[in-house]
Amino acid sequence: MTESPAAVRRCVLAIAVVLLVLLLALLPSTSGRAQQPGQPTVERLAGPDRYATAAAVSRATFAPGVQTAYVASGEDFPDALASGPVAGVLGAPVLLVRRDDVPEATGSELGRLQPGRIVVLGGTAAVSPTVEVQLALYARGNVERLAGPDRFATAAAVSASHFDPGVAAAYVASGLGFPDALAGGAAGAAVDGPVLLVLPDAVPDPTARELLRLQPALIVVLGGEQAVSAQVAGELAAFTAGDVRRLAGAERYATAAAVSAATFPAPRPTVFLASGAAFPDALAGTPAAAAAQSPVLLVRPDCVPPPAAGELERLAPERVVILGGPAAVSQTVERLAACAGPREVSVVASGLQAPWEIVFAPGGRAYVTERDTGRLLAREVDGTIREVQRFAIDNDGEGGLLGLAASPAFSQDGLLYAFMTTAEDNRVVRFRPGEPPQPVLTGLPAASFHDGGRIAFGPDGLLYITTGDAGVSSRAQDPGSLGGKILRMSADGGVPADNPFPGSPVYALGLRNPQGLAWDAAGRLYATEFGPGRDDEVNVVVPGGNYGWPEVTGAAGDPRFVDPIVVRQPAEASWSGAAILSDGAIPEWEGSLFAA
């Protein structure tokens, strides 16, 4: 008797469920180092920005004439996460666009592919109708849109567009933290199951309805309880006749390795590596990984963390493909260099209230500012801490006593410089410890947030100051405003003659809330930048550079603005201070940039 197609499909799905459950049961043993691989060849798929990288991944994987191409925003990622398994199963690329235009690299790749249809992921806030019109030029057939009123509904719509009820497994990830779901995209494609999104403490209605429709034999939760709580995992049991399992590690790198270990048997010919700090490159890589039946592992920008290294050893690939340019995954990773182990940490001061800046003076004394109290503290060489003085500040929100810098001639003049918020403004003052402060620069925009506040003397002996937009984003692009800038001035408050804007202390503009400054051995200035809930940045600061806020964030590839060298997607907190190690204390980290 000939089996019906439906019966064959049910049989295949049943086998897949059994295999997946067995692999999950073996997870503790499969995550070990069972095999010593030879050194694989390492390749890189990358372009100068995220759009060109996605195009490069597509070009290396897909021949012209694909039936479907998916297009997602290069600035907002959850919608595209949900597309990974579908694109992988269908053999379709995922390409990236800006909200209001199709980048040249994306247009060129679509022109090469000539897809039968183009599917836009997400609502008009992510990809505008203007882009839909532009995309029609590249499709042999229709341009369609898969979207809901939010990311959860869009992910459900993507799932409903392809997956039939009775899937072997459905993967569930946090809609607020994305790396876990990146690893799940390749796994979903491998077992023909979707990735759906939840809140850390609730199952949104669109996700619940889609799970009810699918009735998956297994639900796999991606990530630890901070991403998807135990409460949500318990609620998910109502949507499956089978089991709810969790694949997680202590952080994103371990979770990605756990997903790979539970899904992909060793050996694998190819393994893909992507930055665990910048996600668009890896989004585009999911279909490529699916085509090669390979996992996507996450690495740090400058090294391979132990979970990824262990999984590489188990999989013993002949080929490793890095997704993204050196700004996302450095050339050190091309050598598959392992991350340094943990260092001994000791407490040198305690009992502090919101310490914001620390400055070392000659002789070993350290000065510390407390943001909220306005206290300047001194830690002496013997470890004792004393209050030097207290400043009159406005400590609403993020304001208060912030940055501190010692004069380059401190041994002679004994001067400290401080950035503080008053009832009228943000300002920079200078003083000798214990004496009244004298203003150096006043009238800087102030608010309960986005105050900037870092100050530092550069190798040129000049004072550099970071200022936030103080909640008014238009200030960042206004050369006449001192908000949303990096300023450069002499120690007495004068404007250097070689500043990029004559007569103005503005050195760089288009910044939202820069809070870290550091120089490398070559004298290059780096700044860390708060993003708007996404796209935290590290920028190389050049005279007169415009860094795009509020017009763009992240690596937008817009020739009007300077792109960051590192983009990070924060789960909860943004980074602040920055420093470059240059004293030889830790040789393997010499020259590395650290961000708090």
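Residues numbered from 1 in each chain as written. Predicted model: local features only at pLDDT ≥ 70, side-chain atom pairs only at ≥ 80, totals over all residues. Heavy atoms only, no water.

**Q** Give a description of the packing of helix 11 (residues 252-263) against helix 13 (residues 306-315) that names residues and reports values.
**A** Two numbers describe how helix 11 lies on helix 13: the axes approach to 8 Å, and their chain directions differ by 20 degrees. As far as their axial angle goes, helix 13 and helix 11 are roughly parallel. Here helix 11 and helix 13 pass one another in a crossing that is left-handed. For the pair helix 11 and helix 13, contact is made by Y253, A254, A257, S260 and A261 and by P307, E311, R314 and L315, respectively. Looking at the contact of helix 11 with helix 13 residue by residue, the class counts come to 6 nonpolar, 1 polar and 2 charged. (Axes fitted to C-alpha atoms, helices over the stretch in contact; angles between N-to-C directions. Helix = DSSP H or I, 4+ residues; strand = E, 2+ residues; numbered from the N terminus. Parallel < 35°, antiparallel > 145°, perpendicular 65-115°, else oblique. Left-handed = near helix turned anticlockwise from the far one by under 90°. Contact = heavy atoms within 4.5 Å. Nonpolar A, V, L, I, M, F, W, Y, C, P; charged D, E, K, R; others polar.)

**Q** Hey, could you go over the pattern of salt bridges for me, with residue numbers and the actual values?
**A** Throughout the structure, instances matching the rule amount to 26 salt bridges. In this structure, E370 and R375 form a salt bridge, with 2.8 Å as the shortest nitrogen-oxygen distance. For the pair E370 and R375, one class covers both residues: buried. (Salt bridge = Lys/Arg side-chain N within 4 Å of Asp/Glu carboxyl O. Buried < 20%, exposed > 50% of the residue type's maximum accessible area, 1.4 Å probe, protein only.)

**Q** Provide a residue-level description of the side chain of S58, including the pertinent values.
**A** Topologically, S58 is positioned in helix 3 (residues 50-61). In this structure, S58 is in contact with P93, L95, E109, R112 and L113, ignoring residues within four places of it in sequence.

**Q** An account of the environment of V299 is needed here, citing residue identities and associated values.
**A** With respect to the helices and strands, the residue V299 is situated in strand 11 (residues 296-299). Sequence separation between V299 and A254 is 45 residues; the distance between their C-alpha atoms is 10.0 Å.

**Q** Can you lay out helix 9 (residues 205-214) for me, pointing to particular residues and giving the numbers?
**A** Think of an α-helix as 3.6 residues a turn; residues three or four steps apart then line up on the same face. Residues P206, T207, A208, E210, L211 and L214 constitute the buried set of helix 9. On the buried face of helix 9, the contacting elements are helix 7 (151-160), strand 6 (170-174), strand 7 (195-198), strand 8 (218-222) and helix 10 (230-236). Two residues or fewer after helix 9 comes Q215, characterised by a positive phi angle close to 45 degrees.

**Q** Quick rundown of the side chain of D536? Include the residues and the values.
**A** Among the secondary structure elements, D536 is positioned in strand 27 (residues 536-541). Of the polar contacts made by the side chain of D536, one reaches the side chain of S574; its length is 3.2 Å. (Polar contact = N/O pair within 3.5 Å; in protein donor to acceptor, adjacent residues only side chain to side chain.)

**Q** Provide a residue-level description of the nonpolar core, including the pertinent values.
**A** Y70, L135, Y171, L236 and L273 are the most contacted members of the largest nonpolar core, which totals 96 residues. Beyond its immediate chain neighbours, meaning those up to four positions away, Y70 contacts S83, V86, A87, L90, A92, P93, V94, L95, R117, V119 and L121. Core analysis: the next-biggest nonpolar cluster, separate from the first, contains 18 residues, Y417, F419, V440 and L482 among them. (Core = buried A, V, L, I, M, F, W, Y, C linked by side-chain atoms within 4.5 Å.)

**Q** Just give me the short version of the environment of L146, but keep the residues and values in it.
**A** When you line up the elements, L146 lands in strand 5 (residues 143-146). Residue classification places L146 among the buried positions, given a relative accessible area of 17%. Sequence-wise, L146 and L482 are 336 residues apart; in three dimensions their C-alpha atoms are separated by 43 Å. Every residue in contact with L146, bar those within four places of it in the chain, is listed here: V119, V120, L121, G122, T154, A157, V158 and S161.

**Q** Talk me through the layout of surface pockets; I want residue IDs and the actual numbers.
**A** Size it by volume and the largest pocket reaches roughly 1,400 Å³. Taken together, the elements giving at least two residues each to the lining of the largest pocket come down to helix 11, strand 28 (566-568) and strand 30 (593-595). Looking at which element gives the most residues to the lining of the largest pocket, the answer is strand 30, with 3 residues. Here the residues of the lining of the largest pocket sort into 24 nonpolar, 6 polar and 8 charged. (1 Å grid on protein atoms, 1.4 Å probe; cavity = no way out; pocket = protein on both sides within 12 Å on 5 of 7 lines; lining within 4 Å. Points joined across faces, edges and corners; volume = space filled by probe spheres on them.)

**Q** Tell me about unusual backbone geometry, residues and numbers included.
**A** Residue A266 is joined to P267 through a cis peptide bond whose omega torsion reads -5 degrees. On the secondary structure map, P267 appears in the loop between helix 11 and strand 10 (270-275). The omega torsion across W549 and P550 is 0 degrees, close enough to zero to call that bond cis. When you line up the elements, P550 lands in the loop between strand 27 and strand 28. Look at Q215: it is not a glycine, yet its phi comes out positive at around 45 degrees.

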